[in-house]
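Below are the chains, spelled out letter by letter.
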Amino acid sequence: MTVGIDKIGFFTSPYYIDMTDLANARNVDPNKYLIGIGQRRQSVIPQTQDTVTMAANAAAEILTAADRAQIDMVIFGTETGVDNSKAAAIYLQDLLGISKRARAFEIKQACYGATAGVQMAIDHVFLHPNSKVLVVASDIARYGLETAGEVTQGGGAVAMLITQDPHILALDGQSAFHSDNIMDFWRPLYRQEAVVDGHYSTDIYIDFFNKTWNQYCYQTKRTLADFAAMVFHLPFTKMGLKALKSVVADADNANQLLHEFDFSTQYNAEVGNLYTGSLYLSLISLLANSDSLHPQDRIGLFSYGSGAQGEFYSGTIAESFDRAKLKRQVDRLLENRVKLSIPEYEKMYQSGLPLSAGEVTFDIDSDQSRFVLRGRHSDQLEYVDTKKSEQNA
Ligand code: COA
């Protein structure tokens, strides 16, 4: 029996800014953002979207009624929780109409949470072959206006259905991991924006990649020659490139791995950082955009969450993988986005749900997404499935 990613869906905000516009507004040479950092555009998250609505919008497009009935575990990876106690997975389960005979919970370890979810899901399906597990990664990356990290903001969600005999990626079941107490990036309870030492974080990320990659090679006896491509957690696309370059120098397939890496960054360069979802958006980007990958080709995945946890694992492309369908879905979503000016973005950036108590109502008519956040009333978040409201009207 093989277990892995059977379906994968992606959602991001309908709004974006252009990195050339941001560079000009910040008096920076645009090539620093476009080439030095490797980002072209950045999603801007409106007040009507949060990690729950984005996850629901990502998952709704991939789940059938049969999936909803069969899912017995919902795992929500995020570092942008909507409550200090209640798991975002419970809201998600309810919004999507997933069976109530399910475990639903949230995992936090910076940008790594969803990978812990995927690993847990694999073990679960091996033990219970008829189970389906929904794993979502949903986050909003915020560093603050006019900060060094501003160019690496973004947001969105990736939803994955983990099952037996998967149609996208069969996971190998072997992985190597490494953790250590590192202060490279964190978000104190009183802050919505991250505290980050970006250069230090990049060094630790490359170090953790090397440690987990070497450990994986030792465990599996595989080498770079066994891989058609590698995908990385991508806070910004240049970060993954630095990690890949740190190991490929002497490999016979170095050019191929670097070529495929380009495909794996296409969507991330358009969306920005998704924290937990970044690695999985990079996987989508590779699978949807590369025309030289084949069934059975092996892909390596490096997951990293500051603080810090790293994990390297791998999988092979399924025979039945439908590249055109995945590409159509994501391209349509990105093509339909609306460009904001920098003043419009700055206003939207500061307009989210306040941290202080109080009644809040947002104008949900301004957001055409299926799932939206209407506001907060009596200390409770109010989510709306606009499709359901239309049916009830
Ligand atoms: N043309 C082309 N490249 C240029 C350039 C220009 N005009 N000006 C600068 N660059 C290059 C630099 O050489 C550098 O490249 P290198 O990293 O290959 O050496 C790159 O652009 C970035 O320049 P730098 O001076 O290091 O930028 P910075 O001090 O503004 O910081 C980050 C950049 C990425 C570190 C910062 O945005 C950040 O901290 N982001 C958050 C990262 C994060 O989230 N980490 C934790 C999660 S894992």
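Residues numbered from 1 in each chain as written. Predicted model: local features only at pLDDT ≥ 70, side-chain atom pairs only at ≥ 80, totals over all residues. Heavy atoms only, no water.

The chain has the name Hydroxymethylglutaryl-CoA synthase in an unreviewed UniProt entry, where Lentilactobacillus rapi is given as its organism. Within the UniProt record for the chain, the comment given under Sequence similarities (unreviewed entry) is "Belongs to the thiolase-like superfamily. HMG-CoA synthase family." (UniProt positions renumbered as here; feature names shortened; annotations may be inferred.)

1. A closer look at the UniProt feature "domain: Hydroxymethylglutaryl-coenzyme A synthase C-terminal" (unreviewed entry) in the chain
Per the UniProt entry, the sites bearing "domain: Hydroxymethylglutaryl-coenzyme A synthase C-terminal" (unreviewed entry) are residues 173-247 and 263-345 in this numbering. Structurally, residues 173-247 comprises 45% helix and 20% strand, and the distance from its first C-alpha atom to its last is 23 Å. What you have in residues 263-345 is 46% helix and 23% strand, and the ends, taken at the C-alpha atoms, are 28 Å apart. (Helix = DSSP H or I, 4+ residues; strand = E, 2+ residues; numbered from the N terminus.)

2. Here we look at the UniProt feature "domain: Hydroxymethylglutaryl-coenzyme A synthase N-terminal" (unreviewed entry) in the chain
UniProt tags residues 3-164 as "domain: Hydroxymethylglutaryl-coenzyme A synthase N-terminal" (unreviewed entry). Taken end to end, residues 3-164 has its terminal C-alpha atoms 4 Å apart, with 34% of it in helix and 31% in strand.

3. Observations regarding unusual backbone geometry
Of note, the bond from Gly307 into Ala308 is cis; its omega dihedral lies within 30 degrees of zero at 10°. As for its position among the elements, Ala308 is in the loop between strand S12 (298-305) and strand S13 (309-317). Positive phi, normally seen in glycine, also occurs at Ser378, with a value near 50°.

4. Here we look at the sheet that holds strand S2 (residues 15-18)
Here three strands make up an open sheet; going across it, the order is S3-S2-S14 and the pairing mixed. Two strands lie at the open edges of the sheet, namely strand S3 (41-44) and strand S14 (338-339), each paired on one side alone. Looking at chain direction, S2 and S14 are connected through two bridges and run parallel. Of the residues in S14, the one forming a bridge with Tyr16 is Lys339. (Pairing = 2+ DSSP bridges.)

5. Comments concerning the layout of surface pockets
Its boundaries defined by the atoms lining it, the second largest pocket holds a volume of some 650 Å³. Ile37, Ala148, Thr152, Gly198 and Phe236 are, among the 31 residues lining the second largest pocket, the residues nearest its centre. Looking at the lining of the second largest pocket, the elements with two or more residues in it are helix H2 (30-37), helix H7 (198-220) and helix H8 (237-248). In terms of residue class, the lining of the second largest pocket is made up of 14 nonpolar, 11 polar and six charged. (1 Å grid on protein atoms, 1.4 Å probe; cavity = no way out; pocket = protein on both sides within 12 Å on 5 of 7 lines; lining within 4 Å. Points joined across faces, edges and corners; volume = space filled by probe spheres on them. Nonpolar A, V, L, I, M, F, W, Y, C, P; charged D, E, K, R; others polar.)

6. Some thoughts on helix H6 (residues 113-127)
For H6, which comprises 15 residues, the first-to-last C-alpha distance of 22 Å matches the rise-based estimate of 21 Å (1.5 Å per residue) to within 8%. Most of H6 sits out of view: 11 of its 15 residues are buried. (Expected span 1.5 Å × (residues − 1). Buried < 20%, exposed > 50% of the residue type's maximum accessible area, 1.4 Å probe, protein only.)

7. Brief notes about the packing of aromatic side chains
For the structure on display, the rule yields 20 aromatic pairs. Taking 6.3 Å as the distance between ring centres and 50° as the angle between the ring planes, the aromatic pair formed by Phe209 and Phe312 counts as tilted. Of the two residues, Phe209 sits in helix H7 while Phe312 sits in strand S13, which places them 103 residues apart along the sequence. Note on accessibility: Phe209 and Phe312 belong to one class, buried. Between Trp213 and Tyr216, the ring centres sit 6.1 Å apart and the planes meet at 15°, which makes this aromatic pair stacked. (Phe/Tyr/Trp six-rings, centres within 6.5 Å; stacked < 30°, edge-to-face > 60°.)

8. Focus on helix H3 (residues 51-60)
Along an α-helix, a turn takes 3.6 residues, which lines up residues three or four apart on a common side. With 10 of its 10 residues buried, H3 lies for the most part within the structure. For H3, the N-terminal cap is Asp50; the gap from its side-chain oxygen to the backbone nitrogen of Val52 is 3.0 Å. (Polar contact = N/O pair within 3.5 Å; in protein donor to acceptor, adjacent residues only side chain to side chain.)

9. Section: the packing of H7 against H8
The geometry of H7 relative to H8 is characterised by a closest axis approach of 10 Å and an angle of 45° between their N-to-C directions. Here H8 runs oblique to H7, going by the angle between their axes. Where H7 crosses over H8, the handedness of that crossing is right-handed. Facing H7, whose interface residues are Ser201, Thr202, Tyr205, Ile206, Phe209, Asn210 and Trp213, H8 presents Met239, Gly240, Lys242, Ala243, Ser246 and Val247. Its residues assigned to classes, the contact of H7 with H8 shows seven nonpolar, five polar and one charged. (Axes fitted to C-alpha atoms, helices over the stretch in contact; angles between N-to-C directions. Parallel < 35°, antiparallel > 145°, perpendicular 65-115°, else oblique. Left-handed = near helix turned anticlockwise from the far one by under 90°. Contact = heavy atoms within 4.5 Å.)

10. Let's talk about the pattern of salt bridges
Counted under the stated rule, the structure contains 16 salt bridges. Linking Arg187 and Glu79 is a salt bridge whose minimum nitrogen-to-oxygen distance equals 3.8 Å. Linking Arg187 in the loop between strand S9 (185-186) and strand S10 (195-196) with Glu79 in the loop between strand S4 (71-77) and helix H5 (88-96), this pair joins segments that are 108 residues apart in sequence. The exposure class assigned to Arg187 is partly exposed, which follows from its relative accessible area of 21%. Overall, Glu79 belongs to the buried group, its relative accessible area being 13%. Between Arg370 and Asp385 there is a salt bridge, with its nearest N and O atoms 2.9 Å apart. Pair noted here: Arg370 is in the loop between strand S15 (360-361) and strand S16 (371-377) and Asp385 is in strand S17 (residues 380-385), with a separation of 15 residues, a long-range link. What makes Asp385 buried here is its relative accessible area of 9%. One network of salt bridges, with partners in common, ties together Arg40, Arg41, Glu270 and Arg337. (Salt bridge = Lys/Arg side-chain N within 4 Å of Asp/Glu carboxyl O.)

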